[in-house]
Amino acid sequence: MRSIAQILNDSKTIAIVGLSNKPDRASNEVAAYLQQNGYRIVPVNPSYAGEIILGEQVVATLQEAADALASNGQRIDIVDCFRKSEDIPPIARDAIAVRAGCLWMQLDIENQAAADLARAAGLDVVMNHCIKIEHRSLNAG
């Protein structure tokens, strides 16, 4: 199990599940921050599929995101979840299917069953942590 610092240092591509096109929503603010700090974001939200958010085309599923990246020899390093805790298990199964490196649940999002499933498949798991706050605290100073 890698530490949060190792996960953030090793990762380049972050799928943002539940990314909103509204700039005042946490998912949008966090995704913009990650972009500004050198990460490639891949918006995953069936409600906005085909649209452009933060300069990236939105896809409906993690599988679509993984397929698009694979054509460039890239993969999803982190699946960052902005969904309700009860919505996480299918996302965890999708993260496993696309061989993501980490399942990350944002602040106030916890699902032990999903975490256990992802860990058993070899993914790192972070629950109830904001990726922006963690990144900023590691890079402060």
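Above: the structure in question.
Before going into details, it helps to say that this report is about the structure given with it. (Residues numbered from 1 in each chain as written. Predicted model: local features only at pLDDT ≥ 70, side-chain atom pairs only at ≥ 80, totals over all residues. Heavy atoms only, no water.)

Here's the deal with the environment of Ser11
The residue Ser11 is located in the loop between helix H1 (4–10) and strand E1 (13–17) in this model. In contact with Ser11, other than residues within four places in its own chain, are Tyr39, Asp77 and Ile78. A polar contact is formed between the side chain of Ser11 and the backbone oxygen of Ile7, at a distance of 2.6 Å. (Helix = DSSP H or I, 4+ residues; strand = E, 2+ residues; numbered from the N terminus. Contact = heavy atoms within 4.5 Å. Polar contact = N/O pair within 3.5 Å; in protein donor to acceptor, adjacent residues only side chain to side chain.)

Concerning the pairing of strand E2 (residues 40–44)
Of all 5 residues making up E2, 4 are buried, and the element is well covered by its neighbours. Bridge analysis of E1 against E2 gives 5 bridges, and the strand direction is parallel. By the bridge assignment, Val17 is partnered in E2 with Val44. Each parallel crossover has a hand, and the one from E1 via helix H2 (residues 26–36) to E2 is right-handed. (Buried < 20%, exposed > 50% of the residue type's maximum accessible area, 1.4 Å probe, protein only. Pairing = 2+ DSSP bridges. Right-handed = clockwise from strand over helix to strand, strands pointing away.)

Some words on the layout of surface pockets
Quantified by volume, the largest pocket comes out at close to 440 Å³. Lining the largest pocket are 22 residues, with Val17, Gly18, Asn45, Phe82 and Arg83 sitting closest to its centre. Listing elements by their share of the lining of the largest pocket, those giving two or more residues are H2 and helix H4 (88–97). The element that contributes the greatest number of residues to the lining of the largest pocket is H4, accounting for 3 residues. The residue makeup of the lining of the largest pocket, split by class, is 12 nonpolar, 5 polar and 5 charged. (1 Å grid on protein atoms, 1.4 Å probe; cavity = no way out; pocket = protein on both sides within 12 Å on 5 of 7 lines; lining within 4 Å. Points joined across faces, edges and corners; volume = space filled by probe spheres on them. Nonpolar A, V, L, I, M, F, W, Y, C, P; charged D, E, K, R; others polar.)

Digging into the nonpolar core
The nonpolar side chains of soluble globular proteins are, as a tendency, buried together. If you look at the biggest cluster of nonpolar residues, it comprises 27 residues, and the most contacted ones within it are Leu62, Ile76, Val79, Ile88, Ile91, Leu103 and Met105. Listed by contribution, the elements that provide at least two residues to this core are E1, E2, helix H3 (62–70), strand E5 (78–81), H4, strand E6 (102–105) and helix H5 (112–120). Of all hydrophobic cores here, the second largest spans 21 residues; its members include Ala31, Tyr39, Ile53 and Ile78. (Core = buried A, V, L, I, M, F, W, Y, C linked by side-chain atoms within 4.5 Å.)

Let's talk about the packing of H2 against helix H6 (residues 131–138)
Where H2 contacts H6, the axes come no closer than 9 Å and their chain directions differ by 35°. Between H2 and H6 the crossing geometry is left-handed. Contacts between H2 and H6 involve Glu29, Val30, Tyr33 and Leu34 from the first element and Ile131, Lys132, His135 and Arg136 from the second. Here the residues of the contact of H2 with H6 sort into 4 nonpolar, 1 polar and 3 charged. (Axes fitted to C-alpha atoms, helices over the stretch in contact; angles between N-to-C directions. Left-handed = near helix turned anticlockwise from the far one by under 90°.)

Read these as geometric descriptors, not functional statements.
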